[in-house]
Structures are given as C-alpha cells and as structure tokens.
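The chain contents come next:
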Amino acid sequence: MKILTVCSPMRISGFLIPACLMFLLIFPGMSSAFDFTGTPAAPGEYPEVRGIPCGSWMAKFTLTEKCEELEEFFNKWEPLAEQGNPISQTLIGLKYFQYPQTTEKTAKWMYKAADQDYGPAQFELALLYENGVGGVSQDDVQAYMWYSLALKNGEIKAETKLKELEKDMSPKALAKAQKLAEKWQSTPFKPSEP
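Here is a short report on the structure shown in this document. Small disclaimer: the values here were computed from a predicted structure and weren't measured. (Residues numbered from 1 in each chain as written. Predicted model: local features only at pLDDT ≥ 70, side-chain atom pairs only at ≥ 80, totals over all residues. Heavy atoms only, no water.)

### Structural notes on the pattern of salt bridges
Scanning all chains against the criterion turns up five salt bridges. We note a salt bridge from E71 to R50, for which the minimum N-O separation is 3.8 Å. Of the two residues, E71 sits in helix α3 (residues 67-82) while R50 sits in the loop between β1 (48-49) and β2 (52-53), which places them 21 residues apart along the sequence. The class of E71 is partly exposed, set by a relative accessible area of 32%. E78 is paired through a salt bridge with R50; the nearest N and O atoms lie 2.8 Å apart. Here the residue E78 occupies a position in helix α3, and R50 occupies one in the loop between β1 and β2, the gap between them amounting to 28 residues. Owing to a relative accessible area of 14%, E78 belongs among the buried residues under this scheme. With relative accessibility at 27%, the residue R50 sits in the partly exposed group. (Salt bridge = Lys/Arg side-chain N within 4 Å of Asp/Glu carboxyl O. Helix = DSSP H or I, 4+ residues; strand = E, 2+ residues; numbered from the N terminus. Buried < 20%, exposed > 50% of the residue type's maximum accessible area, 1.4 Å probe, protein only.)

### Comments concerning the packing of helix α7 (residues 140-152) against helix α9 (residues 171-183)
It is the contact of α7 with α9, at a shortest axis distance of 8 Å, that shows an interaxial angle of 45 degrees. For the element pair α7 / α9, the angle class is oblique. For the crossing formed where α7 meets α9, the hand is right-handed. Of the residues in α9, those touching α7 at V141, Q142, Y144, M145, S148, L149 and K152 are A173, L174, K176, A177, Q178, L180 and A181. Grouping the amino acids of the contact of α7 with α9 by side-chain chemistry returns nine nonpolar, three polar and two charged. (Axes fitted to C-alpha atoms, helices over the stretch in contact; angles between N-to-C directions. Parallel < 35°, antiparallel > 145°, perpendicular 65-115°, else oblique. Left-handed = near helix turned anticlockwise from the far one by under 90°. Contact = heavy atoms within 4.5 Å. Nonpolar A, V, L, I, M, F, W, Y, C, P; charged D, E, K, R; others polar.)

### A few points about the packing of α7 against helix α8 (residues 157-168)
Closest axis-to-axis distance for the α7/α8 pair is 9 Å, and the angle between their directions is 150 degrees. With respect to α8, the element α7 is oriented roughly antiparallel. The element α7 and its partner α8 pack so that their crossing is left-handed. Contacts between α7 and α8 pair D140, A143, Y144, Y147, S148, A150 and L151 from the former with A158, E159, K161, L162, L165 and E166 from the latter.

### So, the environment of A114
Note on placement: A114 falls in helix α5 (residues 106-114). Accessibility expressed as a relative area gives 0% for A114, which makes it buried. Between the alpha carbons of A114 and L149 there is a distance of 9.0 Å; along the sequence they are 35 residues apart. A114 has contacts with A121, Q122, L125, W146 and W184, leaving out every residue within four places of it along the chain.

### Looking at the packing of aromatic side chains
Any aromatic ring pair is given by two values, namely how distant the centres are and how the planes are angled relative to each other. By the definition in use, this model includes five aromatic pairs. Centre to centre, the rings of F74 and Y96 are 5.5 Å apart; their planes meet at 40 degrees, and the pair counts as tilted. Taken as a pair, F74 in helix α3 and Y96 in helix α4 (residues 86-97) lie far apart in primary sequence, 22 residues in all. Here F74 falls in the buried class, since its relative accessible area comes to 1%. The exposure class of Y96 is buried, given its relative accessible area of 4%. Judged by centre distance (5.8 Å) and plane angle (85 degrees), the rings of Y111 and W146 are edge-to-face. With Y111 in helix α5 and W146 in helix α7, this pair connects stretches of sequence that are 35 residues apart. (Phe/Tyr/Trp six-rings, centres within 6.5 Å; stacked < 30°, edge-to-face > 60°.)

What follows is the structure in structure tokens.
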C-alpha cells in the first residue's frame, strides 16, 4: 500500500514552478526591477535601451525583450521616424507604450504621426486621451476629435468609439469636439535641425 504525503517534493515543485512562471508572465517588470532578495534594483543596475529594461536572463520567460532586439528595432525605425515617416513614428510610440518605464513618451510619437493625418496614429492618440495614459491627461473632447479624424482616414473602428463617447459627453463638450475636428488641418512634417 502506497502512502502519498500531502507535501511531497514532487507535488510542491509541480505547483511552484508553474506558479512562478505565471507570476513572471503576468508581472514581467518584476524580473528586472527586483533582485532575488526582494529589494528594488538601483537605477542603472540592469541594462536598458531608450529607457526600456531589457536583456535579463528572464527575457526568455517574460515579455521583456533582449537588448539586441530593442537596439535592432530602434536602429531600424528611429531614423525613419526622425525623417517624418508616420508609420515608424507610430511603431515607436507603441513600443514605448508597452513598458511602464517609458509610457510617458508614447503621446509625443503618436502626435507626430497623427499630425500628418495618419489614421492609425490618430486612433491610437484618441485612445490615449480617452483613457488618460501615455503622457496625456484624460480628455474626451480631444479623444472625440482624434477619433473623428481617424474615421475620416479609414479607421472604421473609430465609429464605435465615437458613439460611446457621445453618450457620455455634454452637448457643449460634443459641440466643441466636433468644431475642433472640422477646423483641424494636418501639419506637414519638418525635420528638426541638427
């Protein structure tokens, strides 16, 4: 007759290993923000690219990227973004949004692309304003304006967002947002001087 113990090493490791992996997948920043003693890491103690933590040994198990992958991403898209390519600007904004350490840089890049009348960036910028994230304060008027512009530029999903916002906005705020959208004009991109 076999007697199984409740706390056998096999049962404990069979539970703890998957539980730890799930924790690291849900909270990816934890692998680089804390050392194994539980104390916060000092600034600059772990590698980063453009403020994004990277390259920890946990990159294989978490959503953290390897430093080489981040460098490759920025080397490919940043020169194009600086030349005014709205797709590149949007991609960089989305990359910054993925990480709590750099989320504040998102709106800057989205605005550069949205200001060139690029629908996907206008939609993303509207989302930022609607939720008050990515470096902007929550503002339904701005969100409505950017959703309206995105819809004009083919972002069909903006129509649903506009209808949702209309339900919660006052008539005065709605009129202001519609007026802003009507008056808005894109700005041709001008590269910054060295």
